[in-house]
Amino acid sequence: MSGLCRVLRVGARAGLRLQSHSAASSKAKAGQEGHGYNFELNDQQKEFQATARKFAREEIIPAAPHYDKTGEYPVPLIRRAWELGLMNTHIPETCGGLGLKIFDTCLITEEIAYGCTGLQTAIEANSLGQMPVIIAGNEQQQKKYLGRMTEEPLICAYCVTEPSAGSDVASIRTRAEKKGDEYILNGQKMWITNGGKANWYFVLARSEGDPGVPASRAFTGFIVEADTPGIQIGRKEINMGQRCSDTRGITFEDVRVPKENVLIGEGVGFKIAMGAFDKTRPPVAAGAVGLAQRALDEATKYALERKTFGKFLAEHQVVSFMLAEMAMKVELARMAYQRAAWEVDQGRRNTYYASIAKAFAGDIANQVAADAVQIFGGNGFNCEYPVEKLMRDAKIFQCSIDSSCLGGSSNT
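What counts as what
- Residues numbered from 1 in each chain as written.
- Predicted model: local features only at pLDDT ≥ 70, side-chain atom pairs only at ≥ 80, totals over all residues.
- Heavy atoms only, no water.
- Patch = residues over 30% accessible without salt bridge, like charges linked within 9 Å, V, L, I, M, F, W, Y side chains within 5 Å.
- Areas by Shrake-Rupley, 256 points an atom, 1.4 Å probe, with all protein chains shown as cover.
- Salt bridge = Lys/Arg side-chain N within 4 Å of Asp/Glu carboxyl O.
- Helix = DSSP H or I, 4+ residues; strand = E, 2+ residues; numbered from the N terminus.
- Buried < 20%, exposed > 50% of the residue type's maximum accessible area, 1.4 Å probe, protein only.
- Pairing = 2+ DSSP bridges.
- Polar contact = N/O pair within 3.5 Å; in protein donor to acceptor, adjacent residues only side chain to side chain.
- Contact = heavy atoms within 4.5 Å.

(A) Geometry of a nonpolar patch on the surface. Residues Tyr 37, Phe 39, Leu 332, Met 335, Tyr 352, Ile 356 and Phe 360 make up a contiguous nonpolar surface patch of roughly 850 Å² in combined accessible area. Of all elements in the fold, only α9 (317-345) and α10 (351-376) reach the threshold of two or more residues within the nonpolar patch. At three residues, the largest contribution of residues to the nonpolar patch is made by α10. By the secondary structure assignment, Met 335 is in helix α9. A relative accessible area of 45% means that Met 335 is categorised as partly exposed.

See the structure below:
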């Protein structure tokens, strides 16, 4: 048996990820300032990672096929994630949250995505909806809308995408007209994750009537209670993958929003929305890596069990090369999202790194999932095996949050 095959077998039997962790690295004082590059996680990060990994392996993976087939919203799993402290991790401690950094949150996201990216998307879309309030909300807004998320497992949503405006956020047509102490919202949003389950929405609307005004001054961000009169929730969309995620259209007809629910002020909504992306793109990339790691692990396990022409699949050079390339892609995508998360945690603008990480990891998830199906052969095309779901689930990572394909949705 080849050296690679032996490495794969040892890793599979031990249940280990194909990651580089040296014994000596455990002696490092992770997370300390001024020590330069450090690839070791600190104790708190390891604890969150281990909790999320246990949750994914023992509770998410066994339940995921059911939710994929039925399209039901995974309420029990979301409630369990909330109980374990794996939701609302961005919320500041002043509002009852954990106040975790983006890097720490990404570690949790990758593990949950390993179990099911449909569930991970529901959780991450919750964080996306919260992020404008976290970065731009005043104390009263944060305590009111973020505080309630820590008291019970509530959901919120990020309402930006429209039928004719996906990644092209500047083309949004939903209007906000100021009348006295209120704003009147009219328009339609589309592909809103958690749209039918949200307690409240972040809504981006055009508040400037002059089409010549640049996007940086034309939009305003609002917090809108989901039970406000005039809000109409559309049907649940049946998507190719991530079927347990709740994706809907939301229509606003003369929806009255008090001026107290404006974030910062009129005309700064576009900057708030884009600022949220800098903090939420790394977790999206982490989710793609979680899926890719799952595909790699499933393909490796299968290649070490299935025999053709008298030997294991992994002993065929073409398969061993595929597995090696899949592992390289996963590791590089992981490093990309970790760099992007680390940059923003240092207080620096990470748009460059976050965009790279999101685009690269999304492509890698699709490539690795497709390769996993190929290694499974005809079985990979069958829904009784896990990799066909991974391949379907992966596609959305190329079409969401500033998609890598033209016409994509920006906040699916």
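After that view of the structure, there is still more to cover.
(B) Spatial organisation of the pairing of strand β3 (residues 182-193). Taken together, the five bridges between strand β2 (residues 175-179) and β3 define a ladder with antiparallel strand orientation. If you follow Arg 175 over to β3, its bridge partner there is Asn 186. A loop of two residues connects β2 with β3, the two strands running antiparallel in sequence, and Gly 180 in this loop sits at a positive phi of about 65°. Bridge analysis of β3 against strand β7 (residues 247-258) gives nine bridges, and the strand direction is antiparallel. Each residue of the ladder has a partner; that of Ile 192, found in β7, is Arg 248.

(C) Geometry of the pattern of salt bridges. Counted by the stated rule, this structure contains 21 salt bridges. Close ionic contact of Arg 294 with Glu 298 constitutes a salt bridge, the shortest N to O distance being 2.8 Å. Taken together, the residues Arg 294 and Glu 298, both in helix α8 (residues 269-303) and four residues apart, mark about one turn of the helix. Comparing Arg 294 with Glu 298, the two get one shared label, buried. In this structure, Arg 334 and Glu 331 form a salt bridge, with 3.5 Å as the shortest nitrogen-oxygen distance. You can see Arg 334 and its partner Glu 331 sitting in helix α9, three residues apart, about one turn around the helix. Looking at Arg 334, the relative accessible area reads 5%, which means it is buried. When its relative accessible area of 22% is taken as the criterion, Glu 331 is described as partly exposed.

(D) Representation of the pairing of strand β4 (residues 200-206). Taken across its seven residues, β4 has seven buried, putting it largely inside the fold. A two-sided burial pattern is seen for β4, the buried positions comprising Trp 200, Phe 202, Leu 204 and Arg 206 on one face and Tyr 201, Val 203 and Ala 205 on the other. Direction of pairing for strand β1 (residues 156-159) relative to β4: parallel, over a ladder of four bridges. Across the sheet, the residue bridging to Tyr 158 is Phe 202, located in β4. In terms of strand pairing, β4 meets strand β5 (residues 219-225) through seven bridges, oriented antiparallel. Pairing of Leu 204 across the sheet is with Gly 221, part of β5.

(E) Region of the structure containing the environment of Asp 363. Within the secondary structure, Asp 363 sits in helix α10. Asp 363 gets classed as partly exposed once you look at its relative accessible area, which sits at 29%. Measuring from C-alpha to C-alpha, the distance between Asp 363 and Ala 285 comes to 9.9 Å, with 78 residues separating the pair along the chain.

(F) The arrangement of unusual backbone geometry in detail. Its identity as a non-glycine residue notwithstanding, Trp 191 has a phi of 60°, on the positive side. With respect to the helices, strands and loops of the structure, Trp 191 is situated in strand β3. Phi angles above zero are rare outside glycine, and Gln 242 is one such case at about 45°. With respect to the helices and strands, the residue Gln 242 is situated in the loop between β6 (231-233) and β7.

(G) The arrangement of the side chain of Asn 366 in detail. Structurally, Asn 366 is set in helix α10. Separated by 2.8 Å, the side chain of Asn 366 and the backbone oxygen of Gly 362 make a polar contact. Excluding its chain neighbours within four sequence positions, the residues that come into contact with Asn 366 are Ala 394, Lys 395 and Gln 398.

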